[in-house]
Amino acid sequence: MPLEVDTRVNQKLYFSRLQLEQVAASEGRRGRQVAFIESFALHLYGALTAYLGELARYHGVEFEPAAGLKGLTESVRLAGKQAPEVAELARLGAQPSSWLGALIAYHEVCAFGRGGTVPEPGSEAQRLPLLSLSEPSGKAPEVPVPAPSDCRAWLDGFSELLERHRETMVEW
């Protein structure tokens, strides 16, 4: 039996919280902290994706998780439905300064590299450079890593939005 989407959202939020605890515990060990921040972001994005599936089910529209927020927004539009939760997420996601815009941008860099484009198989861009985490290289990281306080703000923003949306989606 497949895992219910709302259970998966809660599970991914729990994993995000665990990773955030590890971020705090790894202060002063940059390599470990960056790894935990990236893991946190990937779990939080997974929670977002599961929540998009929850919204699709609630509004009765098709949703392909790989299509993300843009795909769900398009499905809602094509179905001619009103989904205020999806509209709010789309507005937040389009603002780079919002917690959701920052999460989406960071996830794209972590998951796909340069600006969210998937490199061609076998291309130079597909091979990741090795990074020694035990010895500082003296180079600035190519990917701006969010501060732990930013990660906390992303988690708090998503949790608040999720709670507010779920309150309005309760079926009587």
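Conventions and cut-offs
- Residues numbered from 1 in each chain as written.
- Predicted model: local features only at pLDDT ≥ 70, side-chain atom pairs only at ≥ 80, totals over all residues.
- Heavy atoms only, no water.
- Helix = DSSP H or I, 4+ residues; strand = E, 2+ residues; numbered from the N terminus.
- Expected span 1.5 Å × (residues − 1).
- Buried < 20%, exposed > 50% of the residue type's maximum accessible area, 1.4 Å probe, protein only.
- Arc of directions from axis to C-beta.
- Contact = heavy atoms within 4.5 Å.
- Polar contact = N/O pair within 3.5 Å; in protein donor to acceptor, adjacent residues only side chain to side chain.

Student: Even after reading the chapter, I still don't get helix 3 (residues 68-79), so can you show me in this structure?
Tutor: Turn by turn, an α-helix covers 3.6 residues, leaving residues three or four places apart pointing in a common direction. Between its first and last C-alpha atoms helix 3 spans 17 Å; for twelve residues at 1.5 Å apiece the expected length is 16 Å, and the two agree. All of the buried residues along helix 3 are Gly68, Leu69, Gly71, Leu72, Ser75 and Val76. Taken around the axis of helix 3, the buried residues stretch over an arc of 160°, which confines them to a single face. Structural note: helix 3 exposes Lys70, Arg77 and Leu78 on the side pointing more than 90 degrees away from its buried face. Buried-residue contacts for helix 3 involve helix 2 (30-59), helix 4 (84-94) and helix 5 (99-112). Trailing helix 3 by a residue or two, Gly80 shows a phi angle of about 70°, which is positive.

Student: Would you mind going over the environment of His43 with me for this structure?
Tutor: In this fold, His43 is placed in helix 2. For His43, a relative accessible area of 19% gives the class buried. A sequence separation of 30 residues divides His43 from Leu13, and the C-alpha atoms of the two residues are 7.1 Å apart. At 2.8 Å, the side chain of His43 and the side chain of Lys12 are in polar contact.

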